[in-house]
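Topology and contacts: notes
One letter stands for each residue in the lines below.
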Amino acid sequence: MAPAEKLSGFYKQGHDWFCNAGGLPSDITISIQNITFHLHMFPLVSRCGKIARAHEESKNTKGNTQTIELEEFPGGPDTFLIVAKFCYGFRVELTARNVALVYCAADYLEMTDEFGEDNLLPKSESFFHKSILRSWKECILALQSSEPVLPRAEKLQLVSKCLNALSMMVCTDPSLFGWPMMMYGSFQSPGGSILWNGINTGARIRSSESDWWFEDISYLSVSLFERLIKTMQSRGIRTENLAGAIMYYSRKHLPGLGRWWGEQGGKTRTVASFSLTPATIDQRVLLESIEKLLPEKKGKSFCRFLLGLLRVALILNVNQICKDSLERRIGMQLELATLDSLLIPTYSDSDTLYNTDCIERIVHHFISTESNLTPFSPSSLDLQESGSSESLRNVGKLIDSYIAEIASDVNLKPGKMRALAEALPDSSRSLHDGLYRALDIYFQAHPWLSEKEKEELCNVIDYQKLSIHACAHASQNDRLPLRVVLQVLFFEQLHLRTALAGCLNTLDGEIAPAAPVAATALGDTAGEIVRNDGWVNVVRENQVLKLDMNRMSTKVGELEEEFSKIKQEMKTVAKSHSSLSSPRLIARKFGCKLVPRLSDAQPESLDRSGSAPRASIERARRSIKSRRSGSFS
């Protein structure tokens, strides 16, 4: 009995294919990639123009068997087997997986209507237009299967037609495709396709969400994905959807990027029913291509994605143009970055833990480049616009936190610390507490620094912009140089004087702001204190002022409490209708002397009793002023 494979007409022995055509001997041999097909002349010549022309040219050659070698045949031996079966009259099934290969092979062999009615080229062309371009699933499969024959598929416009069809499906409202999109319910097959009267239509269920297509196109190669994105751009797709697709594709093919972007960006669709094969991706080529596709927009999630992309770019060592472009994009929206995403490790041979040079360049981009980026829609990326001054302050706080985070690195040089601190203008910091905290951490991790190096680093701090708490901490910080401590003490004294004067002015009912002190005058005075070695006097006066302010606060509280008691008792006595309600008896009870006028007795007693705390406060103020003048002398 003949083997089962011989009953079908074609069978393989080793590297050779044979056709069992009624026992007729083979008279033509086709060689493709070291695979030989032993076939018959008439079926091939009657359908293939290329083979017919080769046969005419070799009629005069000796031998009963003609050998033809087909170089660079589209699709290889497997595709030629399909073509050969078609020539012998066997039934050939065209699918989304083989239609691009068969189409290109038929074009290569010139299988037009001139060499037989309903030939393979017009047959595959009709199937491509009627079945492939009208289905999302079939179009994706056909586009992916065209990779091996991409040059010829480009020539036949198969790729461009698939890209246009996919772009139209994405950019068009799914409800316009003719299916009741919100009424699928039980009309879904186990594979994810739509059933219509129990028949698998091949149509794919589309989600109402805008990211339903992210997973499917992530199976395309980089070149096809890039062309599809550009086609969608030309059709006017929404920028946030475009950015979402790029981020999804990058996250899938760049390991480690997902943790810097967040959780899964979209739900996995019915791609399992497609049985798509993942594309082989060159990660460096992917990253350099992705950077060119990124839109000029800004958003919180997008900024975090860019920083993750830069991190991977440094690992893969992509070209410098790509890295510079990523740094520029990040700099233009630096106010949206977070501290953890800025902590980029050093992947080169540097001794430091973090890549401070990269962050410094990003900060310079933020300062020097005028950001004209428009945000994504708030609903997609939760971005709230802010003014330029607010952005500058946010970046100032972010960089101060970054410096404090990297300050514990023992290999970090003082020059790097100072360069990062001075990268932002003075207007970015209303308070310098963050800088002081960062330098304090740095001094603690680098105890071997000299006094001169510490003083040079401390020059980046404006002591007038230190809060009272920071001044109090710095005045007792033995890690700071002596000259710096003296300056801090001087400005702390000014803070206390201003606070005490404001307290007294409030009690007096005077809302007069303290006179501003010029920065140069303060600096000269501080320098004079240092030159005259006034350490002891400054510390003593500082302590005296603190004690005076505490005494004043206590005294004022006591006076206010006494005055409130007097008022309360006066109200209680005034309400009574006994003979003890006489104003003179009331005044005698509280020890007040009244003018012997019955009509004016009660108001005058109240005025005099109310003025007692004010007189005490005036005496306290004169006492404090005398002490202060004695300290400075």
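Residues numbered from 1 in each chain as written. Predicted model: local features only at pLDDT ≥ 70, side-chain atom pairs only at ≥ 80, totals over all residues. Heavy atoms only, no water.

**Points about the side chain of T231**
We apply this condition: The secondary structure listing takes helices from DSSP runs of H or I that are at least 4 residues long and strands from runs of E that are at least 2 residues long, numbered from the N terminus. When checking whether two residues touch, look at their non-hydrogen atoms; a contact exists if any pair is within 4.5 Å.
Here T231 is to be found in helix α11 (residues 222-234). When sequence neighbours within four positions are dropped, the list of residues in contact with T231 reads L163, N164 and S167.

**Observations regarding helix α4 (residues 76-87)**
Here is the rule we go by: What a helix is expected to span follows from its residue count: subtract one and scale by 1.5 Å. The cut-offs for exposure are 20% and 50% of the maximum accessible area for each residue type, with area from a 1.4 Å probe on protein chains only; residues under the lower value are buried, those over the upper are exposed, and the others partly exposed.
Here α4 spans 17 Å end to end across twelve residues, near enough to the 16 Å set by a 1.5 Å rise per residue. The buried fraction of α4 is high, at nine of twelve residues. Restricting attention to buried positions, one finds in α4 the residues G76, P77, T79, F80, L81, V83, A84, F86 and C87. One or two steps after α4, the chain reaches G89, where phi turns positive at roughly 90 degrees.

**Details of the nonpolar core**
As a reminder, the rule being used: We call a set of buried residues a nonpolar core when its members are Ala, Val, Leu, Ile, Met, Phe, Trp, Tyr or Cys and they connect through side-chain atoms within 4.5 Å of each other.
Counting 154 residues, the largest nonpolar core has I30, L39, F80, L109 and W213 as its most contacted members. When residues in this core are grouped by element, the largest group, ten residues, is from helix α14 (residues 300-316). Among all residues touching W213, those that are not within four sequence positions of it are W136, V170, M232, I237, N241 and A245.

**Here we look at the pattern of salt bridges**
Selection rule: Throughout this description, the term salt bridge denotes a Lys or Arg side-chain nitrogen within 4 Å of a carboxyl oxygen of Asp or Glu.
Under the criterion given, the structure shown has 17 salt bridges. When the shortest N-O distance is used, the salt bridge between E110 and R53 registers 2.9 Å. Placement of E110 in the loop between α5 (99-108) and α6 (120-132) and of R53 in helix α3 (residues 49-57) is noted, with a sequence separation of 57 residues between them. Overall, the relative accessible area of 28% leaves E110 in the partly exposed class. D340 serves as the salt-bridge partner of R304, at 2.9 Å between the closest nitrogen and oxygen. Of this pair, R304 sits in helix α14 while D340 sits in helix α16 (residues 339-342); the two residues are 36 residues apart in sequence, bridging distant segments of the chain. With relative accessibility at 36%, the residue D340 sits in the partly exposed group. Residues joined in a network through salt bridges with shared partners are E291, E296, R328 and R329.

**Some details on the packing of α4 against α5**
Axes are the key here: two packed helices are described by the angle between their axes and the distance separating the axes. Under the convention used in this document: Interaxial angles span 0 to 180 degrees and are taken between N-to-C directions of axes, which are lines fitted to C-alpha atoms, for helices over the stretch in contact. Roughly parallel here means an angle under 35 degrees, roughly antiparallel means over 145, roughly perpendicular means 65 to 115, and every remaining angle is called oblique. Under the grouping applied here, Gly and all other residues not named as nonpolar or charged are polar, the nonpolar ones being Ala, Val, Leu, Ile, Met, Phe, Trp, Tyr, Cys and Pro and the charged ones Asp, Glu, Lys and Arg.
Across the interface, α4 lies against α5 with an axial gap of 10 Å and an inter-helix angle of 70 degrees. Regarding the angle of α4 to α5, the classification is roughly perpendicular. Here T79, I82 and V83 of α4 come into contact with α5, specifically with L101, V102 and A105. Counted by class, the contact of α4 with α5 contains five nonpolar, one polar and no charged residues.

**Notes on the sheet that holds strand β1 (residues 10-13)**
To keep things clear, this is the line we draw: Pairing between two strands is assigned when DSSP locates at least 2 bridges connecting them.
With mixed pairing, the five strands of this open sheet are ordered in space as β1-β2-β4-β3-β5. A strand with exactly one partner marks an edge of an open sheet, and here the two such strands are β1 and β5 (66-69). For this sheet, the mean inter-axis angle between neighbouring strands, taken without regard to orientation, is 20 degrees. α4 contacts β1, β2 (16-19), β3 (28-32) and β4 (35-39) of the sheet and is inclined by roughly 10 degrees relative to β4.

**Observations concerning the packing of helix α13 (residues 283-293) against α14**
Rule in force here: By the definition used in this description, the sense in which the near helix is turned from the far one sets the handedness, with an anticlockwise turn below a right angle giving left-handed and a clockwise turn giving right-handed.
Running from N to C, α13 and α14 point in directions that differ by 140 degrees, and their axes come no closer than 10 Å. One finds that α13 runs oblique with respect to α14. Judged by the twist between their axes, the crossing of α13 over α14 is left-handed. On α14, the residues touching Q283, R284, L287 and I290 of α13 are L309, V312, A313 and L316. Tallied by class, the residues present in the contact of α13 with α14 amount to six nonpolar, one polar and one charged.

**Focus: unusual backbone geometry**
Of note in this structure, N34 is not a glycine but carries a positive phi near 65 degrees. Of note, N34 is situated in the loop between β3 and β4. The exposed category is assigned to N34, whose relative accessible area is 72%. For N317, which is not a glycine, the phi torsion comes out positive at approximately 55 degrees. Topologically, N317 is positioned in the loop between α14 and α15 (320-331).

**Looking at the confidence of the model for the protein chain**
The test is simple: Confidence scores here are pLDDT values: one per residue, from the predictor, ranging 0 to 100.
Mean pLDDT for the protein chain: 77, with 70% of residues reaching 70 or above. By mean pLDDT, helix α28 (residues 601-632) is the weakest element of the protein chain at 40, and α5 is the strongest at 96. Segment residues 1-7: pLDDT under 50, and six contacts once partners within four positions in sequence are set aside and those in other chains are kept. Note on residues 525-536: pLDDT is under 50 here. Beyond four places in sequence and across chains, it has 13 contacts.

**Focus: the packing of aromatic side chains**
Stated formally: Only the six-membered ring of Trp is used, alongside the rings of Phe and Tyr, when aromatic pairs are assigned; centres must lie within 6.5 Å, and planes under 30 degrees apart are stacked while those over 60 apart are edge-to-face, with the rest tilted. Note on geometry: a ring has a charge over it if NZ (lysine) or CZ (arginine) is within 6 Å of the ring centre and within 35 degrees of the ring normal.
Tallied over the entire structure, the rule returns 14 aromatic pairs. With a centroid separation of 4.9 Å and an interplanar angle of 65 degrees, the aromatic rings of W136 and W212 are classed as edge-to-face. Of this pair, W136 sits in helix α7 (residues 136-145) while W212 is found in the loop between β7 (199-204) and α10 (214-217), placing the two residues 76 residues apart along the sequence. As far as the burial class goes, W136 and W212 line up, both buried. By the ring-pair criterion, three or more aromatic residues cluster together here, those being W17, F37, F73, F80 and Y108. The ring centre of Y108 lies 4.9 Å from the NZ or CZ of K50, which sits over that ring.

**A look at the environment of K300**
Topologically, K300 is positioned in helix α14. On the basis of relative accessibility, which here comes to 43%, the residue K300 falls in the partly exposed class. Distance in space between the C-alpha atoms of K300 and L334 is 9.6 Å, their sequence separation being 34 residues.

**Focus on the environment of R53**
What counts is decided by this rule: Counted as a polar contact is a pair of N or O atoms within 3.5 Å, where, for protein atoms, one must be capable of donating a hydrogen and the other of accepting one, and residues adjacent in sequence contribute only when both atoms are in side chains.
Residue classification places R53 among the partly exposed positions, given a relative accessible area of 40%. One polar contact links R53 to E110, side chain to side chain, over a distance of 2.9 Å.

**Focus: the side chain of D440**
With respect to the helices and strands, D440 occurs in helix α21 (residues 433-445). Take D440: its relative accessible area is 11%, and that puts it in the buried class. In terms of polar contacts, D440 uses its side chain to reach the side chain of R479, at 2.9 Å. Among residues more than four places away in sequence, those in contact with D440 are H473, N477 and R479.

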